[in-house]
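The lines below spell out each chain.
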Amino acid sequence: MDLMIVGAGPGGSFTALEAVRKGFSVTLMDKKSARYAPIICGELLPSKGLLADYLPSRISDLLAYTLDATLSSDVVINRIKRLNVILGDVSIGSFPFDSLVVDKGAMIRQVIDVAEEEGAKVLFSTTVTGCIEDGPRIKCSVRGRDGESFITASKAVGADAYPSTLSGLVGASGLGPQDLIVATSQRAAGKFDDEEAVIIMDPRLAPGGYAWVFPRGDGTHNTGIGVRGDAAWRGSASVLDLHKRFIDKFSLRPLQRAVLSKTIPVGGLVKAGGSVYLVGDAVGSVIPTNGAGINPAMITGKLAVDSMTQGIDYYSLLYSVFGPFMKRMVDYRRLADPILYDHEAVKRLLKFPKPLLRTALRDAVMGSSKASTSFMLGILSPFINSLAAGQRRH
Ligand SMILES: Cc1cc2nc3c(=O)[nH]c(=O)nc-3n(C[C@H](O)[C@H](O)[C@H](O)COP(=O)(O)OP(=O)(O)OC[C@H]3O[C@@H](n4cnc5c(N)ncnc54)[C@H](O)[C@@H]3O)c2cc1C
């Protein structure tokens, strides 16, 4: 069976590796010219143990599978021990957070190299400009170093982020601006603890999202902000201005001139059905409460290949494994939305006891599926709504 994969990020490259190992004849294409750069990412991954108590066991097992397959000691840059959460101007304290900062470019390059060694054909500087169904096959127009051409395959994977070039072939639902995050990325130096990641929930800096500092272990950090689409495109300040405000407020010194940015989906899985496989950001697999998308992209790639080898419908498999979990994470994100956009609501939230806030935010960041989390957030929900309602009254 021949398989073409559009996009060689975490989702596409991992799909290629899984598929080639199952005997598929794989062509992996990416529009980037460098294997694999540039990187627009915080590069933070959970350790294998971090989420085991929080995630449903099937998802936890799949996460461990992707970590085992892709993490070698030479791609891990730093080990993080704690996460410090700052709400507005106030730290609500840190909690244990065993996680890793990785060299994402090197990690993806290794996966692609192994897939290639095991038989995949890899084409960089190759942009897929459109795809159609051509009888039982998929036919895509491709622009490469040698000009325009067509490529056909019996199966196709859209791993080219959101919205995918192939989304029309599976009737994929669209996401509105509130379900998208425009995120920036810039390497910077500054005085932060090398073992502590920091996230800052402050609507004045990152409306609808959060800012982050993920230490690389040498006094430099991966930094950025995530701003919700509606605030990014209709807000009074540009995302670039907000990024600069954040850099200045935390006395960070940029080490790269350019501020790179990219849009990611945070509205949960898109609805799709048909014979083309959307994986990773293309299918909306980013965890809506924390913006993590690297391993979820790989997991969806594995599920796509599993469905091909088992002869079962991919979307049914995806929605049964991931659907309830992702729905819960979208609900949690929506619950927090009134606060994420409104600084006055943040100030009122800070009147709650810090240990309670820390536990609620820890569980949201961990993507907790525990019954105790639902219970706690269920109790907090009316208070959170009243915080925002209080703001509307003022
Ligand atoms: C600023 C920022 C920080 C982030 N931080 C983290 C983090 O710390 N941890 C984490 O887990 N996640 C993080 N994420 C999310 C994570 O980066 C993504 O969810 C993840 O990379 C998705 O993988 P993917 O393979 O689906 O898509 P991508 O990584 O976006 O890869 C898509 C690939 O498709 C290629 N492509 C696109 N269109 C075409 C085309 N038409 N033809 C050919 N090729 C094409 C692109 O060049 C790209 O290589 C962050 C995202 C951003 C923007």
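Residues numbered from 1 in each chain as written. Predicted model: local features only at pLDDT ≥ 70, side-chain atom pairs only at ≥ 80, totals over all residues.

Caption draft 1: Local environment of the overall build of the protein. Looking only at helices and strands, one finds 10 helices and 17 strands in the protein. Its C-alpha atoms give the protein a radius of gyration of 21 Å, near enough to 21 Å, the size a compact globule of 394 residues would have. Split into buried and exposed, the 394 residues of the protein put 50% on the buried side. Taking as baseline every contact in the protein between residues at least 6 positions apart, the subset at least 24 positions apart corresponds to 69%. (Helix = DSSP H or I, 4+ residues; strand = E, 2+ residues; numbered from the N terminus. Rg over C-alpha atoms; globule rule 2.2 N^0.38 Å. Buried ≥ 20, exposed ≤ 12 C-beta atoms within 10 Å, placed from the backbone. Contact = placed C-beta atoms within 7 Å.)

Caption draft 2: How the structure looks around the sheet that holds strand S6 (residues 121–123). Strand order in the open sheet formed by 5 strands is S6-S2-S1-S10-S17, and the pairing between neighbours is parallel. Looking at which strands have only one partner, the edges of the open sheet turn out to be S6 and strand S17 (277–278). As paired elements, strand S10 (residues 155–158) and S17 share 2 bridges and run parallel to each other. Paired with Gly158 across the strands is Leu278, a residue of S17. (Pairing = 2+ DSSP bridges.)

Caption draft 3: Spotlight on the domain arrangement of the protein. Assigned domains within the protein: domain 1 (2–45 + 104–175 + 269–327), domain 2 (76–100 + 177–264) and domain 3 (341–393). For domain 2 versus domain 3, the distance between C-alpha centres works out to 21 Å. Listed per partner, the contact involves 14 residues of domain 2 and 13 residues of domain 3. Those elements that provide at least two residues to the side of domain 2 that touches domain 3 are strand S4 (76–87) and strand S5 (90–102). Counting residues per element, the side of domain 2 that touches domain 3 draws most heavily on S5, which supplies 4 residues. For the side of domain 2 that touches domain 3, the residue count by class is 10 nonpolar, 3 polar and 1 charged. (Domains from an automatic or database assignment. Nonpolar A, V, L, I, M, F, W, Y, C, P; charged D, E, K, R; others polar.)

Caption draft 4: Structural view of the site of the ligand. In the neighbourhood of the ligand, 37 residues make up the surrounding shell, with Gly7, Gly9, Gly42, Gly280 and Gly293 lying closest. Of all the secondary-structure elements, those providing two or more residues to the shell around the ligand are helix H1 (10–21), strand S3 (44–46), strand S7 (127–134), strand S11 (180–189), strand S16 (260–265) and helix H6 (294–310). Ranked by residue count, the leading element in the shell around the ligand is H1, at 3 residues. For the shell around the ligand, the residue count by class is 18 nonpolar, 12 polar and 7 charged. Among the domains, domain 1 (2–45 + 104–175 + 269–327) and domain 2 (76–100 + 177–264) are the pair contributing at least three residues each to the shell around the ligand. (Near = placed C-beta within 6 Å.)

Caption draft 5: Spotlight on the packing of H6 against helix H7 (residues 314–340). Viewed as axis vectors pointing N to C, H6 and H7 meet at an angle of 135°, and their least axial separation amounts to 9 Å. In this view, H6 runs oblique relative to H7, as classed from their interaxial angle. Helix-helix and strand crossings are classified by hand; for H6 and H7 the assignment is right-handed. Here Thr300, Leu303, Ala304, Asp306 and Ser307 of H6 come into contact with H7, specifically with Tyr314, Leu317, Leu318 and Val321. Each residue belonging to the contact of H6 with H7 can be placed in one class, and the counts come to 6 nonpolar, 2 polar and 1 charged. (Axes fitted to C-alpha atoms, helices over the stretch in contact; angles between N-to-C directions. Parallel < 35°, antiparallel > 145°, perpendicular 65-115°, else oblique. Left-handed = near helix turned anticlockwise from the far one by under 90°.)

Caption draft 6: H6, seen in detail. Here H6 contains 17 residues, and its C-alpha end-to-end distance of 25 Å stays within 8% of the 24 Å for a straight helix at 1.5 Å per residue. Summarising burial for H6: 13 of the 17 residues are buried, a large majority. Of the residues flanking the end of H6, it is Gly311, one or two places downstream, whose phi is positive at about 65°. (Expected span 1.5 Å × (residues − 1).)

Caption draft 7: Inspection of the pairing of strand S2 (residues 25–29) at higher detail. Most of S2 sits out of view: 4 of its 5 residues are buried. Two elements, strand S1 (residues 2–6) and S2, share 5 bridges in a ladder whose sense is parallel. The residue bridging Ile5 from the neighbouring strand is Leu28, located in S2. What joins S1 to S2 is H1, and the crossover it makes is right-handed. One ladder, built from 3 bridges, connects S2 with S6; its direction is parallel. Across the sheet, residue Leu28 finds its bridge partner in S6, namely Val122. (Right-handed = clockwise from strand over helix to strand, strands pointing away.)

Caption draft 8: Layout of the environment of Gly130. The residue Gly130 is located in strand S7 in this model. Measuring from C-alpha to C-alpha, the distance between Gly130 and Lys354 comes to 51 Å, with 224 residues separating the pair along the chain. Excluding its chain neighbours within four sequence positions, the residues that come into contact with Gly130 are Cys140, Ser141 and Thr165.

Caption draft 9: Representation of the packing of H1 against helix H3 (residues 104–117) in the model. Where H1 meets H3, the closest approach of the two axes is 9 Å, and the angle between their N-to-C directions is 30°. By the angle between their directions, the pair H1 and H3 is classed as roughly parallel. Like other packed secondary-structure pairs, H1 and H3 cross with a definite hand, here left-handed. Residues Pro10, Ser13, Phe14, Ala16, Leu17 and Val20 of H1 pack against Ile108, Val111, Ile112, Val114 and Ala115 of H3.

Caption draft 10: The arrangement of the pairing of S4 in detail. By the bridge criterion, 9 bridges tie S4 to S5 in an arrangement that is antiparallel. Within the sheet, the bridge partner assigned to Asn78 lies in S5 and is Val101. Following S4, the chain reverses through 2 residues before pairing antiparallel with S5; Gly88 in that reversal takes a positive phi of roughly 60°. Two elements, S4 and strand S12 (residues 196–201), share 6 bridges in a ladder whose sense is parallel. Residue Leu83 lies in a different strand from S12, and its bridge partner there is Ala197.

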